[in-house]
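Here is how the chains run, residue by residue.
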Amino acid sequence: MAFKTSSSSTEFKLEQSFRNRLYFFTTIIVVTMFIFIVQLFNLQILNGAENSIKAERFVKRIESLPASRGQVYDRKYLNAERSEPIISNSASLDAVVNSSLLKNDPAKIREYILLFDKTLSIPEAFHAEELLEPKFTRKVRTKNPIVILPGITRAQHERISIFDNLAKYIILVPSPRRNYHMGPSLAHVTGYIGLPSERDLKNREIKSYQLIGKAGIEIYYDSFLRGTDGFRYQTKNSEGNIQEETVVEHAKMGNHLVLTIDKDIQRAAYSALKNHRGTVIAIKPGSGEVLALASNPSFDPNILSGKNKQLRTSHFNRIKSNGGFSNIAIQSKFPPASTFKALVGLAALESEHKIDYSPSQSYQCTGNFILKSKLITVPDQEFKCWDKKGHGHNDLIHALEKSCSVYFYNLGYRLGSESIIQYAKNFNLDKVSNIDLPSEVSGFVPSNEWKKSSYGTKWFDGDTVNLSIGQGFISVTPMGMALFYMALINNGKVLQPYLVSEIRNPIDNSVIYRNNGKVIKDIPMRTSSMEAVKLGLRAVVKTGTASKILNLPDLPEIAGKTGTAQTRKKGISKSNHAWFIGYAPYNAPLDQQVLVAVFIEYGVGGAVGAAPIAKDVFKAAFPSGSFKRTDTKFEPNRMEEETPLEEE
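How each quantity is defined
Residues numbered from 1 in each chain as written. Predicted model: local features only at pLDDT ≥ 70, side-chain atom pairs only at ≥ 80, totals over all residues. Heavy atoms only, no water. Helix = DSSP H or I, 4+ residues; strand = E, 2+ residues; numbered from the N terminus. Buried < 20%, exposed > 50% of the residue type's maximum accessible area, 1.4 Å probe, protein only. Contact = heavy atoms within 4.5 Å. Areas by Shrake-Rupley, 256 points an atom, 1.4 Å probe, with all protein chains shown as cover. Expected span 1.5 Å × (residues − 1). Polar contact = N/O pair within 3.5 Å; in protein donor to acceptor, adjacent residues only side chain to side chain. Phe/Tyr/Trp six-rings, centres within 6.5 Å; stacked < 30°, edge-to-face > 60°. Axes fitted to C-alpha atoms, helices over the stretch in contact; angles between N-to-C directions. Parallel < 35°, antiparallel > 145°, perpendicular 65-115°, else oblique. Left-handed = near helix turned anticlockwise from the far one by under 90°. Nonpolar A, V, L, I, M, F, W, Y, C, P; charged D, E, K, R; others polar. Salt bridge = Lys/Arg side-chain N within 4 Å of Asp/Glu carboxyl O. Patch = residues over 30% accessible without salt bridge, like charges linked within 9 Å, V, L, I, M, F, W, Y side chains within 5 Å.

Asker: Pulling in residues and values, what's your account of the overall build of the protein?
Answerer: Each helix and strand counted, the protein has 26 helices and 23 strands in total. Split into buried and exposed, the 648 residues of the protein put 49% on the buried side. Sequence-distant contacts in the protein: of pairs separated by 6 or more residues, those separated by 24 or more amount to 70%. Carbon and sulfur atoms form 53% of the exposed surface of the protein, whose accessible area is close to 32500 Å².

Asker: Pulling in residues and values, what's your account of helix α14 (residues 309–321)?
Answerer: Here α14 spans 18 Å end to end across 13 residues, near enough to the 18 Å set by a 1.5 Å rise per residue. Of the residues that open α14, the one with a side-chain oxygen 3.2 Å from the backbone nitrogen of Gln-310 is Asn-308. Remark: Gly-323 follows α14 within two positions and exhibits a positive phi of approximately 75°.

Asker: Give me the lowdown on unusual backbone geometry, citing residues and values where you can.
Answerer: Of note, the amide linkage connecting Asn-296 to Pro-297 takes the cis form, showing an omega dihedral of 10°. Residue placement: Pro-297 occurs in the loop between β12 (290–296) and α13 (301–304). Cis geometry marks the peptide bond from Ala-584 to Pro-585, where omega comes out at -15°. Positive phi, normally seen in glycine, also occurs at Asn-275, with a value near 70°. Position of Asn-275 among the secondary structure elements: in the loop between α12 (263–273) and β11 (277–283).

Asker: Describe in detail the side chain of Asn-255, supporting the description with residues and values.
Answerer: Mapped onto the elements of the fold, Asn-255 is located in the loop between β9 (242–249) and β10 (256–259). Accessibility expressed as a relative area gives 17% for Asn-255, which makes it buried. In this view, Asn-255 contacts Gly-70, Gln-71, Phe-224, Leu-225, Ile-503, Arg-504, Asn-505, Pro-506 and Ile-512; residues no more than four positions away in its chain are not counted.

Asker: Give a detailed account of the packing of aromatic side chains, specifying residues and quantitative values.
Answerer: Using the criterion set out here, one finds 24 aromatic pairs in the structure. Geometrically, the ring pair formed by Tyr-112 and Phe-116 is tilted, given 6.1 Å between the ring centres and 50° between the ring planes. Residue Tyr-112 and its partner Phe-116 are both found in helix α3 (residues 106–119); the two are separated by four residues, about one turn of the helix. Through a chain of ring-to-ring contacts, three or more aromatic side chains come together here, namely Phe-444, Trp-450, Tyr-455, Trp-459 and Phe-473.

Asker: Please give an account of the packing of helix α16 (residues 341–350) against helix α24 (residues 527–542) that cites residues and values.
Answerer: The description of two helices packed together rests on the angle between their axes and the distance between the axes. Packing of α16 against α24 brings their axes to within 9 Å, and their N-to-C directions diverge by 150°. In this view, α16 runs roughly antiparallel relative to α24, as classed from their interaxial angle. The two elements α16 and α24 meet at a crossing, and its hand is right-handed. Along the contact surface, α16 presents Ala-342, Gly-345, Leu-346, Leu-349 and Glu-350, while α24 presents Ser-529, Met-530, Ala-532, Val-533 and Leu-537. Here the residues of the contact of α16 with α24 are counted per class, giving seven nonpolar, two polar and one charged.

Asker: Before we move on, could you go through the environment of Pro-106 and cite the residues and values that matter?
Answerer: Position of Pro-106 among the secondary structure elements: in helix α3. Here the alpha-carbon distance between Pro-106 and Lys-139, two residues 33 residues apart in the chain, equals 9.0 Å. Excluding residues within four positions of it along the chain, Pro-106 makes contact with Phe-136, Thr-137, Val-140 and Arg-141.

Asker: Any chance you could break down the pattern of salt bridges for me, citing the residues and the numbers?
Answerer: In this structure the tally under the stated criterion is 23 salt bridges. For Glu-601, the salt bridge goes to Arg-277, with nearest N and O atoms at 3.5 Å. Here Glu-601, found in strand β23 (residues 594–601), pairs with Arg-277, found in strand β11; they are 324 residues apart in sequence, far enough to count as distant. Across the pair Arg-514 and Glu-502 runs a salt bridge, and its minimum N-O distance is 3.0 Å. Placement of Arg-514 in strand β19 (residues 511–514) and of Glu-502 in strand β18 (residues 500–504) is noted, with a sequence separation of twelve residues between them.

Asker: Residues and numbers for a nonpolar patch on the surface, please.
Answerer: Taken together, the side chains of Ile-29, Met-33, Phe-36 and Ile-37 define a hydrophobic patch exposed on the protein surface, amounting to about 430 Å² of accessible area. According to the relative accessible area criterion, Met-33 is partly exposed, its value standing at 45%.

Here you go:
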C-alpha cells in the first residue's frame, strides 16, 4: 500500500513537470508567433510601401540615358534636314563586362579582362592603367560600368561571338560618337569632347560618364550642347540579365549651333597654311562675323574624341609636343612689324595739331636713320631701312606703299612714344577681343612705367624709333591686329568677333539666341585721316610691296599691308615672321567686304610668306564672277617686296 502511494506521487510529479514544460514552450511559441505577426503587420501594412521600394532596389537598377549633344552647322544652315552639319552624332556600340555574372568579384573580372585581351590579341597596355589598384577594385565595388572595348568594329563583334567563354560575359551598350566633318581644318574652332577629369567633376555640375567639351566651341558652349540626360529602370534576374526595362524620362538632345564660318573659305585658309606654322583669320568688318579661323599645326578632333585609347593618347602627346593645341590667332603674340605703320600714320594724322602733320609731309630715305645722341659719351645710333638703297622722298601714302621704315622712324620720333602707345591702347591692342573661344590671351603695349619697373631704366628715344615700325617691346595677337584694321575701315568701330550666330532648339528649330554683333569700342577719328591711310594700303597692293602677289585680274581690288617681324635671331632672314592684313573689295560697301589677316612664323617676309596665303583666301571668298573690278590697270613695273634686314 505504501509502495502504491510512492509510485503515484512520482507520476504526479513527472506529469506536473511535463505540463510546466509544455506551458513554457507553448508560451514561447505563442509569443514568437505574436511577435512574428506584429512584425509582419509592420512590414506589410504599416511600412509596406517603403519596404517595397527598398526590395525593388535589390532587383531594379536606375540607369542614366545620356543625351545626344547638339549638332553644329555653318553659316548656310537652313534646318537640320536640309543642311550638312560640321559636327554630327552617330551611333556605336561599347562592349561592357556583365560584372554580376562574375559575382562582382574584382579578381574574377580582372582574370576575365586578361583572357579577353589575350584571345582578341589586344596589347596588355590597353587595359593596364584601368587595372591599377586600388582604383580598379573601387570601380568594381561601386558597380560602375567596365567598358572593356569601346566602339567595337563589326570584325571585333564577330570575333567575340565565336568564343562563348567571352561572349556570355559581354553586354553591348549603345554609345554616341561625335563626328567632326572638317577634321583638323576647323579643329581650333570646334575643339573636341572627352570624359571629365577629376577637376571637371569638382568644379562643374556634370557626371562622370558624360562626354563634355575639352576645347573650342565644344567647351565654350558646353552647357548648350550637352542637353539633359534621361533615366530608366532595369529589372534584372539573379544572373544579371535584364528582364524588364522602363524608360521614366527620355533624354533631351542639346541645342544646335549655327556658326558664322564659311566652309569654303575655311578649307582654303587651312589648305594654304599647310607646311607653315601660323594662322589665318577672315572676318566681316561690318559685323564681326568670323568667316574663317585656321591655325597650324592642328589636331584631329575625331581621334581625340574617338574610342581608340592608344591612338588617342599617342595623338595627344604628339600634338602637345609640337604646340598644335595652341590657337595662334588668339593664344600667341608677336611684334606687329610693318602692319603697325598704319597705326602710327593714323595717330600722327589725328595728332596734327600737336606736330603740324599732314599726309603730304615728306621725309627722305637714304637707307638709314641716324638718331643723334644727347650725350657726348654715347655715340649716335643708326636704324636701317629694309631697302639699303633708300626710297628717296616720300609722303605718307608712298611710305606705306613702299613700307619705308625711315619715313616712320622720322614720324614716330617726332610724334613721340606717348601718342603711339595711347593710340595702340585706344585700339585695344593690349586687351582680349572676347571672341567666343576659351583661353584667349591679350597683346602687350609697353610704357615708360613698365620699362622702369621691368628693366630699371627709362624709356629711350631708340625705343620710340623701334616702336614706330612695330618692333621692340610691343607684341600683339593676330586677332588683335585684325581688329585694328577693322576699326580703320569701319569708321573707328571695333566689333566683337564671334563664331556662333544662332543657338537653335533641335525639336522645332526655333531660335533660342541670335548674335547681332556688338560694338565694343567706337573711336572718334576724322574721315580724312582714315581715308589717307586707306589710300596708302591700296597703294601697297596696287604698286607696292604686295603688288606682285595680289594685284591680279582674277582677284578683287585689295588694300592691305605686309609686315616682316624681326626675331631674336637677328640677321637670319628665315627666322623672321611674316604678316599680311588686308581687305577687299576696296571700294565696295562695308557689308560686302572681307578682312583677311595672315601671320606665319618664320615666314621670311610679308610678301613672300603671308601674301600668297592671303591670295588663296581672297580667291575663296570672291570666286570668279562674284565681283567686278573698277580699277583695271595693272602696273607693269612693280617694286620689290619688303625683305628682312640682313646683317653684313
